[in-house]
Amino acid sequence: MTKGFKTAPQINRRMTELTGAYDGAVMGACSGLVEGTKIATAMGFQKIETLEPGARVVTFDNGLQQVRAVRREPLWFASAECPRSLHPLFVPAGAIGNAQDMMLLPHQAVLVESDAAEAAFGDPFVLMQAKDLEGIQGITRVAPSAPMTVVTLEFETDEVIFAASGAMCVCPSRSDLEGMLNRPEGGREYKTLTAYKDADLVDAIRAELDAGLAKAA
């Protein structure tokens, strides 16, 4: 288990969400990957915190892509305990295609292949937020027991990368306004599902995942 934790329709759209959340007096990250997570690079699997701009990372759609920027931030920004809404989720090995145990932040999106999604959109690949996977395949919220760093890799376009030897997680393109307005053409975008907007479809995919019928690689 990752250190620092105790267990306790439009298809074409931008696939990344805001990376921060506010809960009362606490600000915290809600997407990105926690330090210690290994991702696939041109040099093999490396811990995400060791990567710097210029590193080449294996992506699902576009092969090796160069990291444009690396952002690092605390999991939460307060002396008080991290609120449950910002608690990461422990994902046991095999739950979403990951070969190793891993942690995911609540709004981190992962790529899922589903028959229900294909029936709805004509494309079997959709993105689901980690918080909407809670309770299936042993995925549970955990309370952080120590300060942790969240690392976000940015690319020229939104990319899906391989984490924990199999899980596929979204990394964003430029997060600034200029980048959003001048996003390069090309690159595949996926429908992002959320429980509050796509409740029936999310429930159907959760059932597929829990039964081992859907794939989240």
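Preceding block: the structure.
The rules behind these values
- Residues numbered from 1 in each chain as written.
- Predicted model: local features only at pLDDT ≥ 70, side-chain atom pairs only at ≥ 80, totals over all residues.
- Heavy atoms only, no water.
- Helix = DSSP H or I, 4+ residues; strand = E, 2+ residues; numbered from the N terminus.
- Buried < 20%, exposed > 50% of the residue type's maximum accessible area, 1.4 Å probe, protein only.
- Polar contact = N/O pair within 3.5 Å; in protein donor to acceptor, adjacent residues only side chain to side chain.
- Contact = heavy atoms within 4.5 Å.
- Pairing = 2+ DSSP bridges.
- Salt bridge = Lys/Arg side-chain N within 4 Å of Asp/Glu carboxyl O.
- Core = buried A, V, L, I, M, F, W, Y, C linked by side-chain atoms within 4.5 Å.

### Description of the side chain of Arg 141
The residue Arg 141 is located in strand β15 (residues 140–141) in this model. Accessibility expressed as a relative area gives 14% for Arg 141, which makes it buried. A polar contact of 3.0 Å, which involves the side chain of Arg 141, links it to the backbone oxygen of His 87. Setting aside chain neighbours within four positions, we find Arg 141 in contact with Arg 84, Ser 85, Leu 86, His 87, Pro 88, Leu 89, Pro 106, Lys 131 and Glu 134.

### Focus on the sheet that holds strand β17 (residues 149–154)
Taken together, the three strands give an open sheet; going across it, the order is β4-β17-β9, and neighbouring strands pair in antiparallel fashion. Two strands lie at the open edges of the sheet, namely β4 (33–34) and β9 (69–74), each paired on one side alone. Bridging between β4 and β17 involves two bridges; their strand directions are antiparallel. Directly across from Val 34, in β17, lies its bridge partner Val 150.

### Focus on the pattern of salt bridges
Side-chain pairs of opposite charge can arise whenever the charged atoms involved come near each other. For the structure on display, the rule yields six salt bridges. Between Glu 154 and Arg 68 there is a salt bridge, with its nearest N and O atoms 3.4 Å apart. With Glu 154 in strand β17 and Arg 68 in the loop between β8 (63–66) and β9, this pair connects stretches of sequence that are 86 residues apart. When its relative accessible area of 33% is taken as the criterion, Arg 68 is described as partly exposed. If you follow the salt bridges from partner to partner, you end up with Arg 68, Arg 71, Glu 154 and Glu 156 in one network.

### Some details on the side chain of Thr 59
Residue position: Thr 59 is located in strand β7 (residues 56–59). Polar contacts involving the side chain of Thr 59 include one to the main-chain amide nitrogen of Asn 62, which spans 3.0 Å. Thr 59 has contacts with Gln 65, Glu 159, Val 160, Ile 161 and Phe 162, leaving out every residue within four places of it along the chain.

### Things to note about the nonpolar core
Judged by nonpolar contacts, the single largest core of 39 residues is most densely connected at Ile 39, Leu 104, Leu 153 and Ile 205. The biggest single contributor to this core is helix α3 (residues 199–211), with four residues. If we skip the residues at most four places from it in the chain, Ile 39 touches Leu 33, Gly 44, Phe 45, Gln 46, Ile 48, Leu 51, Val 57, Leu 153, Ile 161, Phe 162 and Ala 163. One finds Leu 75, Phe 90, Val 142 and Val 150 within the second-largest nonpolar core, a separate group that totals eleven residues.

That is the geometry; function is a separate question.
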